[in-house]
2 protein chains.
Amino acid sequence: MSVSIKDIAKRVNRSITTVSRALNDYDDVSPETKQLILKTAKEMGYSPNTFAQRLQKQQSDTIGLILPTFSPRFSDPYFSELLAGIGNKAADLGFDLLVSTRSPGFEENKAYEKMVEGGRVDGFIVVRTRNQDTRIEYLLSKNFPFVAFGRTDDCNRFSYVDEDGYYGMQLVAEHLVGLNHDVIGCITPKPDLAFTEKRIAGLRDGLEKYNIKLDPAYIKAGDLTQRSGYELGAELLDLSETPTAIVACNDLMAFGVMSAVQERGLVVGKDVSVTGFDDIPMSEYSHPPLTTVHQPVYQIGSMVCEMLVKIIRDELSEHQQILLKPSLIERQSTGIYDKRAI
Amino acid sequence: MSVSIKDIAKRVNRSITTVSRALNDYDDVSPETKQLILKTAKEMGYSPNTFAQRLQKQQSDTIGLILPTFSPRFSDPYFSELLAGIGNKAADLGFDLLVSTRSPGFEENKAYEKMVEGGRVDGFIVVRTRNQDTRIEYLLSKNFPFVAFGRTDDCNRFSYVDEDGYYGMQLVAEHLVGLNHDVIGCITPKPDLAFTEKRIAGLRDGLEKYNIKLDPAYIKAGDLTQRSGYELGAELLDLSETPTAIVACNDLMAFGVMSAVQERGLVVGKDVSVTGFDDIPMSEYSHPPLTTVHQPVYQIGSMVCEMLVKIIRDELSEHQQILLKPSLIERQSTGIYDKRAI
DNA sequence: AGTATATACCAAAACGTTTTGGATGTCAAT
DNA sequence: ATTGACATCCAAAACGTTTTGGTATATACT
């Protein structure tokens, strides 16, 4: 079928050892032979058999990524961007990316075990960390290379990149207070996600600096989808004292909230302000454009991938922990709250 | 390191041949031995080395998918859904999915060649077909298994799944005519994409049935992003005779158009109607919810993947060509056009 | 008793690489 | 003439499977 190192060896009258070493640019093969071999390899259209290489080298040159999605259909643009960031960097570094999607739970753990035990991947990227994260426990117990995007309760035992959600939400709080808002609703993800409490705390503390209380009745837990933003947004708007601003913990839910607001004939950014978190590409072109906290997800993907490859190659002596300061992007979904208006 | 077939063989005092055959459920090994081997394999935590298997079997059990994205950051929810559909089906069938993103052009072709020549994948899924599609030409010339999502000029030489865009756009045309619209703008992708002209033709012919002309000046070519929908939508709205309805060839551009409309203080679905194509999950929760043509992208992903695996396994005697009839989802972004209003 | 058939097993080759541990030849220094 | 150093090359083993082409034993049929 396809041409192998053996075919080249035959053609140039050298051993397969020499051909292999020439192709890998070892210096115990004469420049002329090297030239010749490289040339004929190209002529014959040689390209190495990845599986033979991996079998022999006992490494997979593959990074594993298991996306935790609730439905099998994942359509969070946030993940697409992350995926692109990781995937492109992996390709640059000569790694394959093995992706699958599993919803959190037993099957998910199985998937990790299978990939680790089958020698299928050299390392993992764990995303959307949880407070007691069985994935991380497992990988630590096996001493298997991984990098997390996000922290856990006890996270100085591994390398991670995370955005400072506490800080980001304080920016949101300050922004809203500056616009006269004082009744604030918040739509969060499920509490087991590691970033949930950090973001709530950031908002709460940020508001308390200005003596505004975040009423627990005004905190609703959703599932990060637009649908849940819509439904919980509606619940918040139906409370006796309507919130003047609703803070969603991701952009997708914020879009849902905006729909709920607009459905009631209210104007987003005037009657009710809405904020998001992530700054996915769509947020710039929603109506109105969304005020949100910018996370450089694509770059985070690159960074995480790069760190992992360093760990795999043993170039990292100790755990590296990176916390990124996000920034607030002010657009038109937030505005001054005018007491007279309602 | 990890346990191999050899370790099991030693433990149960059989040859590695027997162990291998037991694990693969051959019937020339006695039930007792088979039992014993299966049991010890589980006990020892054996899982086969994928690369050794693939090297020996001379197949990769891997499907290649190269997403043609213009920027490296792809965030079209359409692709995420397709990816999920393909990926989950591939996993079910025991295949890996090797994904990368390349923008159309030289590098993209290189990527295909590399994967084919390196024996890296057993087959390809080619998405978003183009009129003269070099990817398809290449794969045909190599006689390499693939399935396309979309057709080309000359497409009875391979298997594909496609949605009937011509039909879908006729539905849109009928819907809009039924709502009294008569000045219609259209925002398309670049003309080299195979579906572009089909969709335009569907719209044009659909309108002509009711004696409404689609003025070429009202057709603008974008790049499928929200941004380009926004910009080209603005151009259409600035024409001397403002369109009463704008038809976008995908949902993302439709969102952009809605922003442009709303920015001018006009109401979508009343002053200007807007339609999309794809029915991505967000479309149900945009404001207003988007009238669009539904494509079952997730299922299409599954189907395409299943077809490809059949081709790889030689279970398909001749090319299979599937054309899906899409359906119109009427939501609130379209409404009756009332001449007096403007 | 001899032949055929079925059952249970296995040694060795193969897949395409890389790596190990030399071998051979040349040249310069002793 | 030896020795050592260096440059260039290679045979064979190894990675972990599956497959090929058997063998050996027991049972059943003439």
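Residues numbered from 1 in each chain as written. Chains lettered and ligands numbered in written order. Predicted model: local features only at pLDDT ≥ 70, side-chain atom pairs only at ≥ 80, totals over all residues. Heavy atoms only, no water.

1. A word on the side chain of A:Thr196
Now for step 1: Within the secondary structure layout, A:Thr196 lies in helix 9 (residues 194-208).
Now for step 2: Beyond its immediate stretch of four places on either side in the chain, A:Thr196 contacts A:Thr188, A:Pro189, A:Lys190 and A:Pro191. (Helix = DSSP H or I, 4+ residues; strand = E, 2+ residues; numbered from the N terminus. Contact = heavy atoms within 4.5 Å.)

2. Comments concerning the protein's contact with DNA strand D
Now for step 1: Around DNA strand D lies a shell of 27 residues, among which A:Ser15, A:Thr17, A:Thr18, B:Ser20 and B:Tyr26 are the nearest.
Now for step 2: At the protein interface, 61% of the atoms of DNA strand D within 4 Å belong to sugar or phosphate.
Now for step 3: At a separation of 2.9 Å, a base nitrogen of DNA strand D approaches a polar side-chain atom of A:Asp28.
Now for step 4: At a separation of 3.3 Å, a phosphate oxygen of DNA strand D approaches a polar side-chain atom of B:Gln53.
Now for step 5: At the level of elements, helix 2 (16-23) and helix 4 (50-57) of chain A together with helix 2 (16-23) and helix 4 (50-57) of chain B are the ones that each hand at least two residues to the surface near DNA strand D.
Now for step 6: Tallied by class, residues from the surface near DNA strand D come to eight nonpolar, 15 polar and four charged. (Near = heavy atom within 4 Å. Polar contact = N/O pair within 3.5 Å; in protein donor to acceptor, adjacent residues only side chain to side chain. Nonpolar A, V, L, I, M, F, W, Y, C, P; charged D, E, K, R; others polar.)

3. Looking at the pairing of strand 3 (residues 123-127) of chain B
Residues and elements named next belong to chain B.
Now for step 1: Here strand 3 lies mainly inside the structure; five of its five residues are buried.
Now for step 2: A two-sided burial pattern is seen for strand 3, the buried positions comprising Gly123, Ile125 and Val127 on one face and Phe124 and Val126 on the other.
Now for step 3: Looking at chain direction, strand 1 (residues 62-68) and strand 3 are connected through three bridges and run parallel. Counterpart to Ile63 in the pairing with strand 3 is Gly123.
Now for step 4: Between the parallel elements strand 3 and strand 4 (residues 146-149), the chain passes through helix 7 (residues 134-142) in a crossover that is right-handed. (Buried < 20%, exposed > 50% of the residue type's maximum accessible area, 1.4 Å probe, protein only. Pairing = 2+ DSSP bridges. Right-handed = clockwise from strand over helix to strand, strands pointing away.)

4. Remarks on the relation of the copies chain A and chain B
Now for step 1: For the pair chain A and chain B, the relating rotation is 180°, the translation along its axis is 0.0 Å, and the fit reaches an RMSD of 0.0 Å. Accordingly, the operation relating the two chain copies is best matched by a two-fold axis. Within chain A, A:Phe51 has its C-alpha nearest the rotation axis, a separation of 2.6 Å.
Now for step 2: Of the residues that chain A buries at the interface, 100% are likewise interface residues in chain B, meaning the two copies contact each other through the same surface. (Least-squares fit on C-alpha atoms with pLDDT ≥ 70 in both.)

5. Observations concerning the packing of helix 1 (residues 5-12) of chain A against helix 3 (residues 31-44) of chain A
Residues and elements named next belong to chain A.
Now for step 1: Relative to each other, helix 1 and helix 3 sit at 120°, their axes nearing to 10 Å. Classified by the angle their axes make, helix 1 and helix 3 are oblique. Along this stretch, helix 1 crosses helix 3, giving a crossing that reads as right-handed. Note on element contacts: helix 3 touches helix 1 through Leu36, Ile37, Thr40, Ala41, Glu43 and Met44, opposite Asp7, Ile8, Arg11 and Val12. (Axes fitted to C-alpha atoms, helices over the stretch in contact; angles between N-to-C directions. Parallel < 35°, antiparallel > 145°, perpendicular 65-115°, else oblique. Left-handed = near helix turned anticlockwise from the far one by under 90°.)

6. Re the interface of chain A and chain B
The figure often quoted for interface size is the accessible area lost as the parts come together.
Now for step 1: Residue-level contacts link 45 residues of chain A with 46 residues of chain B.
Now for step 2: Summing the contributions of chain A and of chain B, the shared interface buries around 4200 Å²; its carbon and sulfur component is 56%.
Now for step 3: Area buried by chain A at its contact with chain B is led by A:Phe51, A:Met282 and A:Tyr285, which between them contribute 19% of it.
Now for step 4: For A:Asp96, the salt bridge is made with B:Arg120, and the minimal N-O distance between the two is 2.4 Å.
Now for step 5: Along the contact surface separating chain A from chain B lie 13 residue pairs in polar contact (both at pLDDT 80 or more). (Buried area = accessible area lost by both parts, 1.4 Å probe. Salt bridge = Lys/Arg side-chain N within 4 Å of Asp/Glu carboxyl O.)

7. Some remarks on the packing of aromatic side chains
Now for step 1: Scanning the entire structure with this criterion turns up 15 aromatic pairs over all chains.
Now for step 2: Consider the rings of A:Phe51 and B:Phe51, whose centres lie 6.2 Å apart with planes at 25°: the pair is stacked. Placement of A:Phe51 in helix 4 and of B:Phe51 in helix 4 is noted, with the two residues assigned to different chains.
Now for step 3: Consider the rings of A:Tyr78 and A:Phe149, whose centres lie 6.4 Å apart with planes at 25°: the pair is stacked. Note that A:Tyr78 is positioned in helix 5 (residues 77-92) and A:Phe149 in strand 4 (residues 146-149), a separation of 71 residues in sequence.
Now for step 4: A:Phe149 gets classed as buried once you look at its relative accessible area, which sits at 5%.
Now for step 5: One aromatic cluster in this structure is built from A:Tyr78, A:Phe79 and A:Phe149.
Now for step 6: Between A:Arg199 and the ring centre of A:Phe277, over which it is positioned, the NZ or CZ distance is 3.7 Å.
Now for step 7: Positioned above the aromatic ring of B:Phe195 is the side chain of B:Arg199, whose terminal nitrogen or guanidinium carbon lies 3.9 Å from the ring centre. (Phe/Tyr/Trp six-rings, centres within 6.5 Å; stacked < 30°, edge-to-face > 60°. Lys NZ or Arg CZ within 6 Å of the ring centre and 35° of its normal.)

8. Concerning the protein's contact with DNA strand C
Now for step 1: Near DNA strand C, the surroundings consist of 25 residues, among which A:Ser20, B:Ser15, B:Thr17, B:Thr18 and B:Thr33 are the closest.
Now for step 2: Sugar plus phosphate, as a fraction of atoms of DNA strand C within 4 Å of the protein: 61%.
Now for step 3: A:Tyr46 places a side-chain nitrogen or oxygen 3.2 Å from a phosphate oxygen of DNA strand C.
Now for step 4: Residue assignment for the surface near DNA strand C shows that the elements contributing at least two residues are helix 2 and helix 4 of chain A together with helix 2 and helix 4 of chain B.
Now for step 5: No other element matches the four residues that helix 2 of chain A contributes to the surface near DNA strand C.

9. With respect to the packing of helix 2 of chain A against helix 3 of chain A
All names here are of chain A.
Now for step 1: Contact geometry for helix 2 and helix 3: axes closest at 9 Å, N-to-C directions at 85°. The angle between helix 2 and helix 3 places the two elements in the roughly perpendicular class. Facing Thr18, Val19, Ala22 and Leu23 of helix 2, the residues of helix 3 in contact are Lys34, Ile37, Leu38 and Ala41.

10. Concerning helix 5 of chain A
Residue and element names in this part refer to chain A.
Now for step 1: Counted at 1.5 Å a residue, the expected span for helix 5 with its 16 residues is 22 Å, and the 23 Å between its end C-alpha atoms agrees.
Now for step 2: Counted residue by residue, helix 5 has 13 buried out of 16 residues, so it is predominantly covered.
Now for step 3: Gly94 sits one or two positions beyond helix 5 and adopts a positive phi of about 80°. (Expected span 1.5 Å × (residues − 1).)

11. Here we look at the sheet that holds strand 6 (residues 184-188) of chain B
Residue and element names in this part refer to chain B.
Now for step 1: The strand order across the open sheet built from four strands is 7-6-8-9, with neighbouring strands paired in parallel fashion. Looking along the sheet, the strands with just one partner apiece sit at the ends: strand 7 (219-221) and strand 9 (273-275). On average, each strand axis in the sheet is inclined to that of its neighbour by 15°, with strand direction left out of account.
Now for step 2: As paired elements, strand 6 and strand 7 share three bridges and run parallel to each other. Opposite Cys186, over in strand 7, you have Ile219 as the bridge partner.
Now for step 3: Seen against the sheet, helix 9 (residues 194-208) touches strand 6, strand 7 and strand 8 (245-248) and runs at an angle of roughly 170° to strand 6.
Now for step 4: Taken strand by strand, helix 11 (residues 251-263) contacts strand 6, strand 8 and strand 9, and its axis lies near 165° from that of strand 9.

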